[in-house]
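The residues making up each chain are set out below.
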Amino acid sequence: MEEKSGKVNLAEMAISQIERASQYVPDVDRGVVEKLKYTKREIIVHFPAKMDDGSVRVFSGYRVQHNDARGPFKGGLRYHPDVDLDEMRALAMFMTWKAAVVSIPFGGAKGGVGCDPGTMSQCELENVTRRFTWEISPFIGPEVDIPAPDVATNPQVMAWIMDTYSMHKGHSVPGVVTGKPLAIGGSLGRFDATGRGVFTIAAKAAKHLGFSIAGSRVVIQGAGNVGGAAARQFAGAEARVIAISDVKGGLYNPAGLDVEKALEAKRDTDYGAIANVEADEITNEELLKLECDILVPAAIENQITALNAPGLRCRMVVEGANGPTTPEADAILCDRGIYLVPDILANAGGVIVSYFEWVQNLQELLWTEEEVRDRLNRILSRAFQEVQAVAEREHVGMRTAALALGIGRVAEAVRLRGFFP
Ligand code: NAD
C-alpha cells in the first residue's frame, strides 16, 4: 500500500484499518463490517464560477456520505488543490468512527472543492462557495448532512453556505452548518475547540505516561486553526512549544517560542514578521525529527511515513490532523515504544463542539463558553478512558483500540436498525 515516497492512498488505508480493527470487536457480524467498507452516497459536482478578471473557471466539488446509522452525516469541507474522491471517501469514514468513539449522535461525511484558496480573492472564494452549496443543497440540511470547516475553510465560508442554503429554503436555517460566526448562530468555544481538544487529550496521555505538561517540550506541525489553538493551550499550561510550522517551513527555538509572535509570523503572507521571532528557520522534515516530549502533526495527512518514522525523537504523537501517520509508520512507532493518540480521538474536540452548536441551533439555546468547555472536557475524558480500556483489554495500540470502539458502535447501530427492505 505504501508508495516509494512513503505516502499512502488514504482510501486503501481506511479500508485496511477496518479489516484490522474489526478483529477486536466482540461478536461483530462480518457482513456488517463489509458494508462499512463502502460509502453510502458520493456526490460529485462540476460547476462554473466567475473570477475577478471576468473569466469563468470550472471547479470540481465533492461531498461523500459514508454512514448515517447513528445520526445525520457530519464532516468538514476542505478547499485544497489535491482534493479528490479517494481522499474524501477515507476522510468521511474517519468522521464516522470519530463521532462513534466520542459517542455523539452523528454519522460521517466529508467534502471539498479542488482549488487553491491561497491564489483566490475573497470574492472568488465566495462565488465558488455559493455555487458549490447550491449544487449540493438537495443532499445537505440540519437533519441530513451538516458540513463544518476543515483545511482552508473558516467561519466566513460557513456563513456563505448557511446564507445560500437559507435563500434556497426561503428562511434562515442556522443548523445546516457548524463553525459559523457567533453573530449568526455559532457556538462560543467552537473556533478553538479542536486545538483545545488536542491539548486536553495530550494532557491525559501525558498523565497516563507519568509526565507533566508543564515544562514538557512540544513540537507542532501546522499553524492553522488546529495547530495554532493547540499551541496556545500548551503555552498557557507552561509547556515549551519549541517549534511550529506551516506549509512554507518551521520556526525553532529550543528554549521555547513566543507562541503569539510565531503564529503572527506564520499569518504574515509576506513573511516579514519572522524577524520579530527569536527562532531559527527549519524545514517541515527537520521539525518532525526534533527531540521533544509531544509531537503534534496538525497540518495534513501522510506526514509521518515509513521514511521518517525511524528518525522521530518524541515520547508521544498526538494527531491533530486527520491521517497524518501511514500504517507502516504506525507499526514503526509502536515497535519503538512511541505512544500515539490517533486522530479520531485526539482531534474530536471540533466535532464535539460542532454537535453542541447544532443542538443549540435546533433548540434555540445559548450556552456559555464555560458550559461548552465543561461538556467538551467530560466527553473527551470519558472517550480517552474508554479507548485506553480497550487498548489494555486487547493489548493493542490506541489507534486500533479507538477504531475497534468506533467500528463496534457503528456496527451495532447498523445491526439494530436492520436491512431495509
Ligand atoms: P488550516 O488550513 O487552518 O491550517 C493548516 C495548516 O497546515 C496551515 O498552517 C498550513 O500552512 C499547514 N500546511 C498545509 N500543508 C502543509 C504541508 N504540506 N506541510 C506542512 N504544513 C502544511 O487547517 P486546520 O483546520 O487547522 O486543519 C488541519 C488538520 O486538522 C487537517 O488534517 C484537518 O482535517 C484536521 N482537522 C481540523 C478540524 C477543524 O476543526 N478545523 C477538526 C478536526 C481535524
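Just so it is clear, the structure is predicted and the values come from calculations on it, not from any experiment.

### Here we look at the pattern of salt bridges
Under the defined criterion, the tally for this structure stands at 31 salt bridges. Put simply, Glu 19 and Lys 37 hold a salt bridge, and the shortest N to O gap is 3.0 Å. You can see Glu 19 sitting in helix 1 (residues 10–22) and its partner Lys 37 sitting in the loop between helix 2 (30–36) and strand 1 (41–50), a full 18 residues away along the chain. Classification of Lys 37 as buried rests on a relative accessible area of 15%. Between Arg 89 and Asp 86 there is a salt bridge, with its nearest N and O atoms 3.1 Å apart. With Arg 89 and Asp 86 both in helix 3 (residues 85–101) and three residues apart, this pair spans about one turn of that helix.

### Thoughts on unusual backbone geometry
Pro 421 follows Phe 420 through a cis peptide bond whose omega is 5 degrees. Positionally, Pro 421 belongs in the segment after helix 14 (398–417). The phi torsion at Asp 27 lies on the positive side, around 55 degrees, for a residue other than glycine. You will see that His 395, though not glycine, has its phi angle at about 55 degrees, which is positive. For His 395, the location among the structural elements is in the loop between helix 13 (369–394) and helix 14.

### Brief notes about the packing of helix 1 against helix 14
For the pair helix 1 and helix 14, the least separation of the axes is 9 Å and the interaxial angle reads 85 degrees. Considering their axes alone, helix 1 and helix 14 lie roughly perpendicular with respect to each other. Contact residues: helix 1 offers Gln 17, Ile 18, Arg 20, Ala 21 and Ser 22, while helix 14 offers Arg 399, Thr 400, Leu 403, Ala 404 and Ile 407. Split into classes, the residues belonging to the contact of helix 1 with helix 14 amount to five nonpolar, three polar and two charged.

### With respect to the site of the ligand
Neighbouring the ligand are 23 residues, the closest being Asp 150, Thr 194, Asn 225, Val 226 and Asn 322. Between the ligand and Arg 190, the relevant distance is 3.5 Å, taken from an oxygen atom to a side-chain nitrogen or oxygen of the residue. Here Thr 194 contributes a side-chain N or O atom positioned 2.8 Å from an oxygen atom of the ligand. The fraction of the free accessible surface of the ligand (830 Å²) that becomes covered by protein chains is 84%. Class assignment of the residues belonging to the shell around the ligand gives a composition of nine nonpolar, nine polar and five charged. Two domains each provide a minimum of three residues to the shell around the ligand, namely domain 1 (40–174) and domain 2 (193–346).

### Topic: the sheet that holds strand 10 (residues 294–297)
Sheet strands line up and pair through hydrogen bonds in the backbone, either parallel or antiparallel. With mixed pairing, the seven strands of this open sheet are ordered in space as 9-8-7-6-10-11-12. Here the strands that pair on one side only, and so sit at the sheet edges, are strand 9 (280–282) and strand 12 (339–341). With strand direction ignored, the average angle separating the axes of adjacent strands in the sheet is 20 degrees. By the bridge criterion, two bridges tie strand 10 to strand 11 (residues 316–318) in an arrangement that is parallel. Note that in strand 11 the partner of Leu 295 across the bridge is Val 317.

### Topic: the sheet that holds strand 3 (residues 73–79)
Within the open sheet, the five strands sit side by side as 1-2-4-3-5. Their pairing is mixed. Sheet topology places strand 1 and strand 5 (145–149) at the edges, where each strand pairs with a single neighbour. Each neighbouring strand pair of the sheet contributes to a mean axis angle of 20 degrees, computed without reference to strand direction. Judged from the 10 bridges that link them, strand 1 and strand 2 (residues 56–67) form a sheet pairing that is antiparallel. The partner of Val 45 across the bridge, within strand 2, is Gly 61. Strand contacts of helix 4 (residues 122–136): strand 1, strand 2, strand 3 and strand 4 (108–113), with the helix running at about 140 degrees to strand 1, the strand carrying the most contacts.

### Examining the side chain of Gln 233
You can see Gln 233 is positioned in helix 7 (residues 225–236). The contact partners of Gln 233, leaving out residues within four places of it in the chain, are Asp 192, Gly 195, Arg 196 and Phe 199.

### A few points about the domain arrangement of the protein
Taken domain by domain, the protein holds domain 1 (40–174) and domain 2 (193–346). On the domain 2 side, the residues contacting the 10 residues of domain 1 number seven residues. In total, domain 1 and domain 2 occlude about 720 Å² of area from one another, counting both sides; carbon and sulfur atoms represent 58% of this. Counting the surface domain 1 buries against domain 2, the share from its top three residues, Phe 94, Lys 98 and Val 101, is 49%. Here Arg 78 makes a salt bridge to Glu 301, at a shortest N to O gap of 3.2 Å. Applying the counting rule to domain 1 against domain 2 returns two residue pairs in polar contact (both at pLDDT 80 or more). Top contributing element to the side of domain 1 that touches domain 2 by residue count: helix 3, with six residues.

Quick notes on the rules
- Residues numbered from 1 in each chain as written.
- Predicted model: local features only at pLDDT ≥ 70, side-chain atom pairs only at ≥ 80, totals over all residues.
- Heavy atoms only, no water.
- Salt bridge = Lys/Arg side-chain N within 4 Å of Asp/Glu carboxyl O.
- Helix = DSSP H or I, 4+ residues; strand = E, 2+ residues; numbered from the N terminus.
- Buried < 20%, exposed > 50% of the residue type's maximum accessible area, 1.4 Å probe, protein only.
- Axes fitted to C-alpha atoms, helices over the stretch in contact; angles between N-to-C directions.
- Parallel < 35°, antiparallel > 145°, perpendicular 65-115°, else oblique.
- Contact = heavy atoms within 4.5 Å.
- Nonpolar A, V, L, I, M, F, W, Y, C, P; charged D, E, K, R; others polar.
- Near = heavy atom within 4 Å.
- Polar contact = N/O pair within 3.5 Å; in protein donor to acceptor, adjacent residues only side chain to side chain.
- Areas by Shrake-Rupley, 256 points an atom, 1.4 Å probe, with all protein chains shown as cover.
- Domains from an automatic or database assignment.
- Pairing = 2+ DSSP bridges.
- Buried area = accessible area lost by both parts, 1.4 Å probe.

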